[in-house]
Each structure stands twice: as C-alpha cells, then as structure tokens.
Amino acid sequence: MKLSRFFVVVCASMIMCNVVTFASEQNTEQQKYVEKQFDIRNGRITFITKSEEHTSNCRCQPELEIIIKENKPGVLKNGDVIYFETSRYGETYTVNEHLNIESKGVYAEEQQINEQKDNHIAICISRNHTEELAEIKIHYNVYLKGNYDTDKIFSLKLDTDRTKRQNLFSGKQQMVLNENYLKILCDDKEKQTFPTLVFYTEKNLILCNNEKKTLKYPVYINQKNTAMISIYDFIDIVENLGKMVVRQFNDGDVVISSMQNIYVISPKNQSVMKNGVLKEYAVIEKGENDVYYISLKTVADILGKQNAVVWNENTKTITIGNEK
C-alpha cells in the first residue's frame, strides 16, 4: 500500500447509451471466480471477478480484481465508460484506491468524477482501429470504513445510472457481477485478546496484561487535565501489538493504518487526521528536549478502544482495554 500521507484516488467519467441484454453466468474454480456475460452490439462482453475473504483486523488491504473481455474486436468502442459499484451498509462500506489497469486491444484508464467516489470506480475506453480482441485487467486495493463488529458481504455490480455520460450500460436492469465479491469476517477472538494497557502517570511504566514495560518518557497530565504519552513510546506500543502498520517519514509525520482506518499524525503541525479528516479533539504538544506527546484519548481512538478508557483516581492510572 502506497502512503504519501493520506491518498485516496477519486474516480470519474463521461457517458453514452447502448442496447444491452443479460446473457449468462458461470462460476469457476470452486466458486472463487464468477463469470458474467452480457450481449451488446451484436457481440458479448464477459466480466470475471474473484471472490475474496478477509478478517476485519488484517494488517493488509484486500486486493481485488476485475477482468473484462470482448468476444470479437470492436464490441468495446472509443469513448465507452464502464462504471462499477460495491454495495454498502449505510455508513459501513469499502473505499477503493490504488487502481492499476492493464489492457490490450484497447487503452483503458480510470476517469475522475466530481462526486465522492468511495465504493465506485469507472474506466474509460480509448480505441483506434484495431482487429485485436480487447482484454482489460483491473487490480485495486480497498480499505474499510464503518463498523465491522459483524461479518459483512459486499457485492459488485455495474452502475447503470442514465445520468452518467457515455455509460456503456446506461439505464439497464440491475447487473450484479458478483454477489460475494468481498467478505469481511469479524474477528471476535481478536477482540477478546486485545491486551489491557495500564498507564501510570508521572512514571515511565506501563502494564500490558500485567506485564511491566518501561517507557522512554513518563506519561503526564497536562494543564488541561489531559493524559499525554510521547509519540515515540506510542509508536513502540503499536508496533509491539502487531495489529496495525506503522510508517514514519523524515519530516516526523507518522502514518498508522489498519483495514478500517488510516491515521496521519503530524507532530510539527500538532494535528491528527483520520481517513483524511482532521480530528479536532486530538491533542499533540511539544515537551522538553523537542519530544512530542499525544493524548491517551487519541491513542485509544487509534487502537479502536475509545469506549474502553478508565481513569483510576486512587492509583493515578489510565487503563485502555476491552469494553466491559
């Protein structure tokens, strides 16, 4: 996954109208690949997609693919745009990024549109006079937004919206390419095994499942009564948990990513962005010896435990762990 801070590709398009009829469907390779065929322009276009399965806590992003083939040269024409859409559960959905397109017989590229793309992609066809059969392979990653406390299955369909110019499948009946395109499994075991983290204020000490670990810098309470931990120690904790991917840049910025979220921590700007949106509650401040600190509230959010933070007045500790 390429991360130059936060990168989200926006897709797009221009569209046209054609006569299309549903032809046939075929499942191959033990139901992993799904093949759909549509008659159009006295020819046929075949879509091949592969069903993928991932757990919600997986550190890697799902890699998806779509293959498009025509049965004779010229079925796909210059200027055609094909729109794809994955299903969503309200505010829970997938966001597509890092599109890579390979083609022969035609030239295909992603087109940008003005509206927020999220679970949509679109490709535009350019074609000179050629007798070579067209074949297009689309590979891309997705990351997850929303709540994945239960299993989710996302389907893939052709977007037949009439308002989109040059839409090859404009105005036709619902054209589902794969009912089980991407299955995200809720990892209940992962939730149960998340360690309990106990932070001692004014000490270089943390308990991880009752095991003592030494921090490089002490946790402290600032003037606004906010518990702060050094970004250095926080990164070390995240890396040791092994549940998220951490990337550090020369300018001090840190990117922490999971399947569901991407956080960009910018110490010099004293800011935190979550999926490209600035988090106003996030607290970052500069301490002695140019050491930057981040609030434990923000730490809990990044770890997905924002609802499991407890302050103990007697022991002066902050606990982050599983929800009770």
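Keep in mind the model is a prediction, meaning the values are calculated, not measured.

Caption draft 1: View of the sheet that holds strand β17 (residues 227-230). If you walk across this open sheet you meet the four strands as β16-β17-β24-β23, and the pairing is antiparallel. Only two strands of the sheet have a single partner each, and these edge strands are β16 (220-221) and β23 (284-286). Packing against the sheet, helix α2 (residues 231-241) makes contact with β17, β23 and β24 (292-295), and its axis sits at approximately 75 degrees to β17.

Caption draft 2: Local environment of the nonpolar core. Core analysis: the largest hydrophobic core is formed by 34 residues, its most contacted members being F47, I68, I82, F84 and I138. At the level of elements, β2 (33-40), β3 (43-50), β5 (63-70), β6 (81-86), β9 (120-126), β10 (135-145), β11 (152-158) and β12 (175-185) are the ones that each hand at least two residues to this core. Setting aside residues no more than four positions away along its own chain, F47 makes contact with V34, E35, K36, F38, I67, I68, I82, F84, L158, F169 and L177. In this structure, C208, I229, I231 and V272 belong to the second largest nonpolar core, which totals 32 residues.

Caption draft 3: Broad picture of α2. Looking only at α2, the buried set comprises I231, D233, F234, I235, I237, V238 and L241. Looking one or two places after α2, you find G242, whose phi comes out positive at around 70 degrees.

Caption draft 4: Fine view of the sheet that holds strand β15 (residues 211-214). Within the open sheet, the five strands sit side by side as β15-β14-β13-β26-β25. Their pairing is antiparallel. Strands with a single pairing partner mark the edges of an open sheet, and in this sheet they are β15 and β25 (309-312). For this sheet, the mean inter-axis angle between neighbouring strands, taken without regard to orientation, is 20 degrees. By the bridge criterion, four bridges tie strand β14 (residues 205-208) to β15 in an arrangement that is antiparallel. Note on β15: the bridge partner recorded for I206 is K213.

Caption draft 5: A look at the environment of R88. With respect to the secondary-structure elements, R88 resides in the loop between β6 and β7 (93-104). For R88 and F154, which are 66 residues apart along the polypeptide, the C-alpha to C-alpha distance reads 6.8 Å. Sequence-distant contacts of R88, that is, excluding residues within four places in its chain, are made with Y93, N119 and F154.

Caption draft 6: Looking closely at the layout of surface pockets. A volume near 260 Å³ is recorded for the second largest pocket. In terms of lining residues, the second largest pocket is bounded by 14 residues, among which I231, I235, Q248, G252 and V254 are the most central. In the lining of the second largest pocket, the residues fall into seven nonpolar, two polar and five charged.

Caption draft 7: A look at the environment of W311. Residue placement: W311 occurs in strand β25. For the pair W311 and V198, spaced 113 residues apart in sequence, the C-alpha separation works out to 9.7 Å. Dropping the residues within four chain positions of it, W311 is found in contact with T201, K316, T317 and I318. At a separation of 2.8 Å, a polar atom in the side chain of W311 contacts the side chain of E313.

Caption draft 8: Quick look at the pattern of salt bridges. For the structure shown, the criterion picks out ten salt bridges. Salt-bridge contacts for D39 lead to R44; the nearest nitrogen and oxygen are separated by 2.9 Å. For R44, a relative accessible area of 28% gives the class partly exposed. Across the salt bridge formed by K213 and E211, the nearest N and O atoms sit 3.7 Å from each other. On the basis of relative accessible area, K213 is assigned to the partly exposed category, the value being 34%.

Calculation criteria
- Residues numbered from 1 in each chain as written.
- Predicted model: local features only at pLDDT ≥ 70, side-chain atom pairs only at ≥ 80, totals over all residues.
- Heavy atoms only, no water.
- Pairing = 2+ DSSP bridges.
- Helix = DSSP H or I, 4+ residues; strand = E, 2+ residues; numbered from the N terminus.
- Contact = heavy atoms within 4.5 Å.
- Axes fitted to C-alpha atoms, helices over the stretch in contact; angles between N-to-C directions.
- Core = buried A, V, L, I, M, F, W, Y, C linked by side-chain atoms within 4.5 Å.
- Buried < 20%, exposed > 50% of the residue type's maximum accessible area, 1.4 Å probe, protein only.
- 1 Å grid on protein atoms, 1.4 Å probe; cavity = no way out; pocket = protein on both sides within 12 Å on 5 of 7 lines; lining within 4 Å.
- Points joined across faces, edges and corners; volume = space filled by probe spheres on them.
- Nonpolar A, V, L, I, M, F, W, Y, C, P; charged D, E, K, R; others polar.
- Polar contact = N/O pair within 3.5 Å; in protein donor to acceptor, adjacent residues only side chain to side chain.
- Salt bridge = Lys/Arg side-chain N within 4 Å of Asp/Glu carboxyl O.

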